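Residue strings, one per chain:
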Amino acid sequence: GLDKNGEYIDSLASLGIGFIEVGTVTPKPQTGNPKPRIFRNKKEKSLLNRLGFNNKGVDYLVEKLKKRQSKVIVGSSIGKNFDTPNDKAYEDYVYCLEKVYEFSDYIAVNVSSPNTKDLRKLSSKDFFDSLLKKLKDSHSELSIKFGYKPIFIKISPDETPDSLALICKSIVSNKMDGIICSNTTVNHYEKFGSGGLSGAPLKIKSNKILTFVRDEVGKDFPIIASGGVMSVEDYQEKIQLGADLVQIYTGFIYEGPKLIQDINKYS
């Protein structure tokens, strides 16, 4: 969500990071939710956002991916337009997958943003397994044309243990390549109202989810961890709990490029 439209890939790569995830993009451009829609709580070192997949559309992102100069690994996060009903959501995801695949190093499937109405319902058994099957069918065809690119599924930290176990089972059985654990949480009492909370308050919850997911999928299944990484120690904790890679966003907002330098120095 930091670089939704792939406009700063080369600049971000110069900071020394190992990979970048751009997006989330949707088939058609959309403005997102009404402003103001992002709020900073300096005391808690958190961000609250209700952006709503504001982006310039997948075609715009593809043009930026084509023009990037850096060799840094780039993943493209894909989603659905706000007005696409859930029973047609797979069409948006497959459309975006087919657009970004050739020009991405991996694809992240975002079914866990809390800021698009009913999006998280795609993680329910009524939609989730069917969505992954359709993505895998498209993935198999694209792999023949452009080589194999892994697909990661980004999950919510607010799932119940039973629901999360079913999600993990479906991800593994449908031969997805990894999990991004996790998105922002809606379980909070922020004075700014509804939306997804990230930053320091998310760390404990996201770490619990990370531990649970690692136990469910086994020691060798790839996991990208996210949520509450505000220091080197937070990064190291994610690795110790079973993460293979770690993403930061809110920590970068509060700590700046020094956080990246510190992680690279001490990790």
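So, a few notes on the structure that sits alongside this text.

Conventions adopted
- Residues numbered from 1 in each chain as written.
- Predicted model: local features only at pLDDT ≥ 70, side-chain atom pairs only at ≥ 80, totals over all residues.
- Heavy atoms only, no water.
- Helix = DSSP H or I, 4+ residues; strand = E, 2+ residues; numbered from the N terminus.
- Expected span 1.5 Å × (residues − 1).
- Buried < 20%, exposed > 50% of the residue type's maximum accessible area, 1.4 Å probe, protein only.
- Contact = heavy atoms within 4.5 Å.
- Core = buried A, V, L, I, M, F, W, Y, C linked by side-chain atoms within 4.5 Å.
- Phe/Tyr/Trp six-rings, centres within 6.5 Å; stacked < 30°, edge-to-face > 60°.
- Lys NZ or Arg CZ within 6 Å of the ring centre and 35° of its normal.
- Pairing = 2+ DSSP bridges.

It is worth spelling out helix α3 (residues 89-100) at this point. Between its first and last C-alpha, α3 extends 17 Å over twelve residues, near the 16 Å set by a 1.5 Å rise per residue. Looking only at α3, the buried set comprises A89, D92, Y93, V94, C96, L97 and V100. Those residues of α3 hidden inside the fold are in contact with β1 (19-25), α2 (58-67), β4 (73-78), β5 (106-110), α4 (128-146) and β6 (151-155).

The subject of this paragraph is the nonpolar core. In terms of nonpolar packing, the biggest core is built from 55 residues, with Y93, I171 and V213 touching the most fellow members. Counting residues per element, this core draws most heavily on α3, which supplies six residues. Beyond its immediate stretch of four places on either side in the chain, Y93 contacts I78, G79, K80, V109, N110, V111, L119, L122, L131 and L135. Grouped together as the second largest cluster of nonpolar side chains are six residues, F19, A108, F152 and I180 included.

With that settled, the discussion passes to the packing of aromatic side chains. Here the structure, examined in full by the defined rule, presents four aromatic pairs. Seen from their ring centres, F39 and F192 are 4.8 Å apart, and the 10° between their planes marks the pair as stacked. Of this pair, F39 sits in strand β2 (residues 38-41) while F192 is found in the loop between β7 (178-181) and β8 (196-199), placing the two residues 153 residues apart along the sequence. Of the aromatic side chains, those joined through ring pairs into one cluster are F19, Y106 and F152. Here K134 stacks its cationic end above the ring of Y90, 4.7 Å away from the centre of that ring.

Another point: the pairing of strand β3 (residues 46-49). Of the two faces of β3, the one carrying S46 and L48 and the one carrying L47 and N49 are both buried. Sheet topology note: the β2/β3 ladder contains four bridges and is antiparallel. Bridged to R40 within β3 is L47. Connecting β2 to the antiparallel partner β3 that follows it, the hairpin turn spans four residues, and K45 within it adopts a positive phi of roughly 55°. Where β3 meets β8, four bridges bridge the pair, whose relative direction is antiparallel. Bridge assignment links N49 to a residue of β8, and that residue is G196.

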